[in-house]
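# Coordinate analysis (summary)
Below are the chains, spelled out letter by letter.
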Amino acid sequence: MAKAAENKRNLPQVGLDRGELDQIISRYIGKPGSILGILEDAQKSNQHKYLTQDSLEYIAKRANIPLSRIYNIITFYAFFNLKPQGKHSIIVCRGTACHTRGSKNLLDFLINLFGFKEDDFSQDGKLYLTTKDNKFTIKTVACFGQCALAPVVEIDGNIYSRMTTQKLQKIIKSIALRGNKK
Ligand code: FES
């Protein structure tokens, strides 16, 4: 008992409600594939839809999983985020099929549209940009596995095939208009 109390004292501070995180962990613990479920729900419960360093350390300790393994999982799955997300996400596929069919043009269009500068470009060679007003995050992915529909773009979880800059502009405009009406 004293040991459990001591362990709890040693747990790192988390960037989200610790009680909520405890609930998530107890929902999954002991089940097959539990770590994926824990990470997914922890990300969803974060206001900015990302996994903070603190929460990952906390999960590692509580679920008794090495932190390095957790990072391996997060970096393997494109849907996990280690940085705060904009309200809307736009993910451009940069795989070969999509590149051949113009995904670089789509990306350049978005970079110009949102006025990103070269200095904004990210870490680890991966593109990861969020507008200053936190409305949009632009990311790239290696392949959505939908190469026959290239070029593919995912916007707020919806997959769009054979994307063009005109279609992209229209979708972004309608998202912005919806936001203004709220
Ligand atoms: S290369 Fe874009 S979906 Fe596969």
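Predicted, not measured: the structure shown is a model, and the values here were computed from it.

### Examining the overall build of the protein
On a plain count of helices and strands, the protein comes out with 8 helices and 5 strands. The linear arrangement of helices and strands in the protein, starting from the amino end, is α-α-α-α-α-β-α-α-β-β-β-β-α. Here the protein, with 182 residues, has 38% of them falling under the buried criterion. Looking at the protein alone, contacts between residues at least 24 apart form 60% of all its contacts between residues at least 6 apart.

### Examining the confidence of the model for the protein
Scored by pLDDT, the protein comes out at a mean of 85, with 84% of its residues at no less than 70. Note on residues 1–9: pLDDT is under 50 here. Beyond four places in sequence and across chains, it has 2 contacts.

### Some words on the packing of helix α3 (residues 34–45) against helix α5 (residues 67–76)
Think of two packed helices as two axes; the pair is described by the angle between the axes and how far apart they sit. The interhelical angle for the contact between α3 and α5, taken along N-to-C directions, is 70°, at an axis separation of 11 Å. Judged by the inter-axis angle, α3 sits roughly perpendicular to α5. Of α5, the residues touching α3 (which contributes Ile35, Leu36 and Leu39) are Arg69, Ile70, Ile73 and Ile74. Of the residues contributing to the contact of α3 with α5, the split by class is 6 nonpolar, no polar and 1 charged.

### Quick look at helix α7 (residues 103–113)
Every buried residue of α7 is listed here: Ser103, Leu106, Leu107, Phe109, Leu110 and Ile111. Just downstream of α7, Gly115 is the residue with a positive phi angle, here 70°.

### Quick notes on unusual backbone geometry
The omega torsion across Ala150 and Pro151 is -5°, close enough to zero to call that bond cis. A positive phi is found at Lys49, a non-glycine position, where the angle reads about 55°. With respect to the helices and strands, Lys49 occurs in the loop between α3 and α4 (53–63). On the basis of relative accessible area, Lys49 is assigned to the partly exposed category, the value being 38%. Positive phi, close to 65°, is recorded for Asn134, a residue that is not glycine. For Asn134, the location among the structural elements is in the loop between β2 (128–130) and β3 (136–141). The exposure class of Asn134 is partly exposed, given its relative accessible area of 37%.

Cut-offs used in this document
Residues numbered from 1 in each chain as written. Predicted model: local features only at pLDDT ≥ 70, side-chain atom pairs only at ≥ 80, totals over all residues. Heavy atoms only, no water. Helix = DSSP H or I, 4+ residues; strand = E, 2+ residues; numbered from the N terminus. Buried < 20%, exposed > 50% of the residue type's maximum accessible area, 1.4 Å probe, protein only. Contact = heavy atoms within 4.5 Å. pLDDT = per-residue confidence, 0-100. Axes fitted to C-alpha atoms, helices over the stretch in contact; angles between N-to-C directions. Parallel < 35°, antiparallel > 145°, perpendicular 65-115°, else oblique. Nonpolar A, V, L, I, M, F, W, Y, C, P; charged D, E, K, R; others polar.

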